[in-house]
Amino acid sequence: MLTRSKRQFTENITGKTVAMVCAGLLVIVVLSITYFIASKGLSTFFVNGVSISEFLTQLKWDPEGEPARYGVFPFILGSFLVTALAALIAAPLGIGAAIFMTEIFPGFGKKVLKPVIELLVGIPSVVYGYVGLTLLVPFIREQFDVLGFSLLAGGLVLALMILPTITSVATDAIEAVPQDLRNASLALGATRWQTIWNVVLHSSLPGCLTAVVLGMARAFGEALAVQMVIGNTTKLPGSLLDPISTLTSGITLNMGNTIQGTPYNNALWSMALLLLVMSFVFIMILRLLGRKRVVK
Amino acid sequence: MRARVMDRIATGVLTLIAVLIIGALVGLLGFILTQGWHKLNLDFLTSPPNIVKAGGGIGPQLFNSLYLLVLTMLIALPLGIGAGIYMAEYAPDNKFTQFIRMSIEVLSSLPSIVVGLFGLLVFVNMTGWGYTLFSGALALTVFNLPLLVRVTEDALRNVPRSQKEASLALGITKWRTIVSVILPAALPGIITGAILASGRVFGEAAALLFTAGMSSPNLNFTDFTLAGPTSPLNPFRPAETLAVHIWKVNSEGLTPDARDVADGAAAVLIIAVLIFNISARWFGTWVYKKMTSGSN
């Protein structure tokens, strides 16, 4: 029998322990992020005595007024509107491009388009914001004779940002559909489009939805690109061309100008807590979609 | 007959979508590069920015971005690889492992501004360091860890089982096997992932607004001590990175040529990120070819 020296034995144990500590660190980080953001975010309600329902539903945001008002509904609405707008634009385009790449022009898709799209996933958000600011905002201003900084600008910039993400994930989902299914459908005399619509899209639906939800999660949490083009007013928008604020843009703009521990500052942390809660919600949706895929 | 027509129409629409997307994305890159092209000279890349007059450069910002990247990777790589080793080689199938997996999922979908705020609370305020490069590096570590863990785990799992078994059969301890057999074989995958992660670090801004700060002291590039307040290498000084600079110039730039500086900085940033992405891709295929043809 091979005998192992004591040194080897301790090395084995130390190695395993070090690796385990690294992995455990991930758990600690997640727990401490949740704890710290929650403890700061909840102090608005428990220390400053703002009621949760007022915070979530009131329309008036005037933290420096007398009396101060902490209604963040305009921010929440802004975040949801801009995310929905981005998803409405990017989802059909992204999934359409994914179908084109896999079903209609697969050679070109795999060799050229897919790498290019994956490359674009890595473009930093400030660059999208910069392009929005120098190209899109002036364009909207001239076309519609408005300010330009608007919900529309925010939605378009975010749509462009999440388009590569959606295309890339949806492409993987569609590629995973077994070739046999397509062949069977085509053998029955279905056209290529009938096959795509009834067979390919049907069986890759959870994957395509995952792609859209991932894109929406990214859009909801995006801060700087949105802040640069959305205008940042806390009035409710009357149209797509009106400026508005989002949770992220509100935090970005004001966090540096407020003093730690004041009710105004705490209210911003509560907005961060809302972002955190929303990202948990997105994860839950993604998990549900993932489970569905396993069952089918 | 109607199915045939429908097929034609659908193909046409999908092609149109693909052309539209390619056009938009190529246009985006083209716009950034052509706008910034005239600014790309040595003077712009090395001189410090000018707050009130025209003609400033992005030297310190570029240096800060690169230095922050090195610092982040020094912290994040060992932790990420360690956790990846645990997940691939040790993690038993139990609740704790599931919890780690969920933590990875949560971390990878957290909005970067939330990570930045956590950094502000813990690495900036609680430690008393203030806005420092080191706080920024820690925040970016949090941000990058899930990607690195996932990449390492995948790379380790892709190493053929026979290699591991051969080593274990020779009586080599599990830890030695991991370090000297499995890890080297997985290295190409890990390096590719690390380069991709570097690209993200380079372009990240939202998490850095609240950790590394939005200003840079006057750097003295002849002082290479680690503690001097104007030393570029001092990790405990505030540092504005290139991505943060782009955001700042666009939202509150006072220089008459703010637009010019933004154009140039965006072009530099995008070129850097493209280099990271393309080199990761190129490196991956190069090592793969070398390993598969050189192995027998």
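Residues numbered from 1 in each chain as written. Chains lettered and ligands numbered in written order. Predicted model: local features only at pLDDT ≥ 70, side-chain atom pairs only at ≥ 80, totals over all residues. Heavy atoms only, no water.

**Considering the overall build of chain B**
Each helix and strand counted, chain B has 11 helices and 0 strands in total. Listing every helix and strand of chain B by position from the N terminus yields α-α-α-α-α-α-α-α-α-α-α. Principal axes of the C-alpha set define a box for chain B whose edges measure 75 × 70 × 40 Å. Expressed as a percentage of the 296 residues in chain B, the buried residues total 53%. For chain B, the share of sequence-separated contacts (at least 6 apart) that also reach a separation of at least 24 residues comes to 74%. (Helix = DSSP H or I, 4+ residues; strand = E, 2+ residues; numbered from the N terminus. Buried < 20%, exposed > 50% of the residue type's maximum accessible area, 1.4 Å probe, protein only. Contact = heavy atoms within 4.5 Å.)

**Some thoughts on the packing of aromatic side chains**
One pass over the structure, following the stated rule, counts 20 aromatic pairs over all chains. Ring centres 5.3 Å apart and planes at 45 degrees place the aromatic pair A:Phe105 and A:Phe108 in the tilted group. On the numbers, 6.0 Å between centres and 10 degrees between planes, the contact of B:Trp282 with B:Trp286 is stacked. Taken together, the residues span about one helical turn, with B:Trp282 and B:Trp286 both in helix α11 (residues 258–294) at a distance of 4 residues. Exposure remark for B:Trp282: the relative accessible area of 53% places this residue in the exposed category. Here the aromatic cluster, defined as three or more aromatic residues joined through ring pairs, consists of A:Tyr35, A:Phe36, B:Phe118 and B:Phe123. (Phe/Tyr/Trp six-rings, centres within 6.5 Å; stacked < 30°, edge-to-face > 60°.)

**Considering the UniProt feature "transmembrane region" (unreviewed entry) in chain B**
Residues and elements named next belong to chain B. In the UniProt entry, the feature "transmembrane region" (unreviewed entry) is given for residues 12–33, 66–87, 99–123, 129–149, 178–199 and 264–283. The distance from the first to the last C-alpha atom of residues 66–87 is 30 Å, and the span holds 100% helix and 0% strand. Helix makes up 100% of residues 178–199 and strand 0%. Its end C-alpha atoms lie 28 Å apart. (UniProt positions renumbered as here; feature names shortened; annotations may be inferred.)

**Some words on the environment of B:Trp175**
Structurally, B:Trp175 can be placed in helix α8 (residues 174–203). Among the residues examined, B:Trp175 registers a relative accessible area of 18% and is labelled buried. Spatially, the C-alpha atoms of B:Trp175 and B:Glu89 are 9.7 Å apart, while their sequence positions differ by 86 residues. Filtering out sequence-adjacent residues up to four positions away, B:Trp175 remains in contact with A:Glu11, A:Asn12, A:Gly15, A:Lys16, B:Ile85 and B:Tyr90.

**A word on the pattern of salt bridges**
Oppositely charged side chains can form a pair if their charged atoms are brought close together. The full count for this structure, using the stated rule, is 11 salt bridges over all chains. The closest approach of N and O atoms between B:Arg176 and A:Glu11, which form a salt bridge, is 3.0 Å. Pair noted here: B:Arg176 is in helix α8 and A:Glu11 is in helix α1 (residues 6–46), and the two residues belong to different chains. Given a relative accessible area of 36%, B:Arg176 falls into the partly exposed group. With relative accessibility at 16%, the residue A:Glu11 sits in the buried group. (Salt bridge = Lys/Arg side-chain N within 4 Å of Asp/Glu carboxyl O.)

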